[in-house]
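This is what each chain is made of:
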Amino acid sequence: MNCPTTPAGPLAGLRILDLTTVIMGPYGTRILADMGADVVKIEPPEGDSFRNYGPSRHEQMGGSVLNLHRNKRSVQLDLKRPEALRALRRLIAAADALVHNLRPRAAERLGLDWATVSQINPGLVLCAARGFSQAGPYGHKAAYDDLMQAGSGFSAFVGQVTDEAGYAPTAWCDKVAGQAIANAVLGALLHRERGGAGQEVEVPMFEVAIDFMLVEHFGPAAFEPPLGPAGFKRQLSRQRKPYRTRDGWACILPYSDQNWRDFFAFIGRPEIGEDPRYQKLTDRVMHIDSLYQLIAEHAPGRSTQEWGEFCDRVSIPYMPVLRMEELQDDPHVLATSFMPVAQHPSEGAYRAVQSPLRFGATPYRLRRHAPRVGEHTAEVLLEAGLSESEVAQLAQRR
């Protein structure tokens with residue numbers, strides 16, 4: 001795959017400093033990098049800890065990093081050293097945005113709080129990605145995805161369905177907060193471009209996760225006094241799950257009135273459609289468990305392919321259950337070239353996941369493969385006006 005270094009995308013020309021680690025912040029800045037921003041990842045001497053999750057072909061270049069850090073440049077700075085902090089301030093002076101996931105006291109200690117950075121660059125957008133808002137008593141606590149799944153109501157809903165509180169097998173709180181980071185930075189930059197000033201933006205993962213959960217689950221509990229308990233009934237059905245077919249698993253999801261009539265006819269039970277419990281959406285939701293049980297009973301009678309052919313023919317929502325290993329060969333993924341093989345300069349062949357966003361005038365390009373730790377240190381610092389001797393001094397004591 002060709003990997004030109006020429007900037008491309010709707011955010012081309014913007015410089016964003018990324019002082020975040022692990023998943024939440026790096027995912028948010030990757031979204032911005034994929035849209036063309038020049039994202040400079042500032043890493044400590046040991047690198048971002050997420051780099052070490054293997055297996056890998058070379059140290060600190062685990063597979064997840066290859067896509068998480070793409071389209072970024074890496075600068076290695078030991079911020080415990082005064083000269084490194086001075087270099088960072090030079091970068092801040094020319095940046096459009098700075099994103100960090102430091103807790104308030106650590107940010108103040110490093111001079112990365114709003115009061116300090118606004119003196120260096122009044123037009124800067126400072127995005128503080130934190131676990132909890134500073135306005136509450138949890139403001140100085142550390143944050144991890146598991147904590148947020150537990151605290152957002154998600155784990156309790158899992159327990160409501162399975163009788164045991166649990167976590168999703170994905171860091172969804174981190175990634176949803178990462179999207180919130182990208183949105184927040186874009187909103188603040190748009191405000192500035194329209195004549196406003198730079199500003200500080202706080203993105204607290206706890207509140208983002210709660211907001212995410214409440215979209216459909218608040219329901220009756222949104223009223224004062226509540227009209228009923230929180231929770232979207234269809235999603236909390238114990239029968240809501242992929243169904244075992246004759247040879248696999250599939251999501252078979254009749255939804256509209258016509259969907260259900262077609263389903264009842266297909267299983268040879270058209271008379272069920274005359275039952276008043278199932279004729280309207282509002283009534284079906286109240287009796288959804290029995291309908292999902294009906295699908296579960298009949299799904300094993302046909303193969304996954306047969307169910308797919310039927311559902312596609314009558315427009316019933318349907319997807320086979322795919323393993324992660326199968327995604328790269330899925331016909332839609334292949335047709336959209338979503339996971340092509342690319343050649344990393346040091347890591348060799350890998351699946352270079354494309355941006356899911358499709359801009360007509362400024363299409364996505366893989367401008368830079370994921371960098372090694374500090375790969376662009378000299379390049380970026382020289383651009384910022386440091387002398388070669390200053391850059392060499394930083395490198396010598398790294």
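Fair warning: this is a prediction, and the values are worked out from it, not measured in the lab.

For helix α9 (residues 205-217), built from 13 residues, the straight-helix expectation of 18 Å at 1.5 Å per residue is met to within 8% by its first-to-last C-alpha distance of 18 Å. Within α9, the full set of buried residues consists of Met205, Phe206, Val208, Ala209, Met213 and His217. Elements that come into contact with the buried residues of α9 comprise α1 (24-34), β5 (125-130), α6 (145-151), α7 (154-162), α8 (172-193) and β6 (199-204).

Moving on: the packing of aromatic side chains. Within the structure shown, the criterion is met by 13 aromatic pairs. Measuring from ring centre to ring centre gives 5.8 Å for tryptophan 260 and phenylalanine 263, while their planes differ by 85°; the resulting arrangement is edge-to-face. Of this pair, tryptophan 260 and phenylalanine 263 both sit in helix α10 (residues 257-266), separated by 3 residues, roughly a single helical turn. Taking relative accessible area as the criterion, tryptophan 260 reaches 2% and is therefore assigned buried.

Glancing now at the pattern of salt bridges. Scanning the entire structure with this criterion turns up 22 salt bridges. A salt bridge links arginine 73 to glutamate 383; its shortest N-O distance comes to 3.0 Å. Pair noted here: arginine 73 is in strand β3 (residues 72-76) and glutamate 383 is in helix α16 (residues 377-383), with a separation of 310 residues, a long-range link. Overall, the relative accessible area of 46% leaves glutamate 383 in the partly exposed class.

Attention shifts here to the sheet that holds β6. Across the sheet, 6 strands lie side by side as β3-β2-β1-β4-β5-β6; this open sheet has parallel pairing. Pairing within the sheet leaves two strands with one partner each, and these edge strands are β3 and β6. Put simply, the sheet's adjacent strands are angled 20° from each other on average, direction ignored.

Our focus in this paragraph is the side chain of glutamine 239. The residue glutamine 239 is located in the loop between α9 and β7 (243-244) in this model. Look past the residues within four positions of glutamine 239 in its chain and what remains in contact with it is Asp289, Tyr292 and Gln293.

Once that is clear, we can look at unusual backbone geometry. Here the amide bond leading from glycine 54 into proline 55 is cis, since omega sits at 0°, within 30 degrees of zero. Looking at the element boundaries, proline 55 is found in the loop between β2 (38-43) and α2 (63-68). Following glutamate 224, the chain continues to proline 225 via a peptide bond in cis, the omega torsion being -5°. Of note in the backbone geometry, valine 22 takes a positive phi value of approximately 65° without being a glycine. As for its position among the elements, valine 22 is in the loop between β1 (15-19) and α1. Of note in the backbone geometry, glutamine 60 takes a positive phi value of approximately 65° without being a glycine. Turning to its location among the elements, glutamine 60 is positioned in the loop between β2 and α2.

This next bit is on the sheet that holds β7. The sheet built from 3 strands is open, its strands ordered β7-β8-β9 with antiparallel pairing. Only two strands of the sheet have a single partner each, and these edge strands are β7 and β9 (318-320). Against the sheet, helix α13 (residues 304-314) contacts β8 (249-252) and β9, and its axis sits at roughly 160° relative to β9.

With that out of the way, let us pick up the side chain of serine 237. Checked against the element boundaries, serine 237 lands in the loop between α9 and β7. Polar contacts involving the side chain of serine 237 include one to the side chain of aspartate 289, which spans 2.2 Å. Excluding its chain neighbours within four sequence positions, the residues that come into contact with serine 237 are Val161, Ile288, Asp289 and Tyr292.

Within the largest apolar cluster, 52 residues are counted, with the highest numbers of intra-cluster contacts made by Ile16, Leu32, Met148, Trp172, Ile181, Val185 and Val203. Breaking this core down by element, the ones donating at least two residues are α1, α2, β4 (97-100), β5, α7, α8, β6 and α9. In terms of residue count, the dominant contributor to this core is α8 (10 residues). In this view, tryptophan 172 contacts Asp145, Gln149, Ser152, Phe154, Ala209, Phe212 and Met213; residues no more than four positions away in its chain are not counted.

Rules used in this analysis
Residues numbered from 1 in each chain as written. Predicted model: local features only at pLDDT ≥ 70, side-chain atom pairs only at ≥ 80, totals over all residues. Heavy atoms only, no water. Helix = DSSP H or I, 4+ residues; strand = E, 2+ residues; numbered from the N terminus. Expected span 1.5 Å × (residues − 1). Buried < 20%, exposed > 50% of the residue type's maximum accessible area, 1.4 Å probe, protein only. Contact = heavy atoms within 4.5 Å. Phe/Tyr/Trp six-rings, centres within 6.5 Å; stacked < 30°, edge-to-face > 60°. Salt bridge = Lys/Arg side-chain N within 4 Å of Asp/Glu carboxyl O. Pairing = 2+ DSSP bridges. Axes fitted to C-alpha atoms, helices over the stretch in contact; angles between N-to-C directions. Polar contact = N/O pair within 3.5 Å; in protein donor to acceptor, adjacent residues only side chain to side chain. Core = buried A, V, L, I, M, F, W, Y, C linked by side-chain atoms within 4.5 Å.

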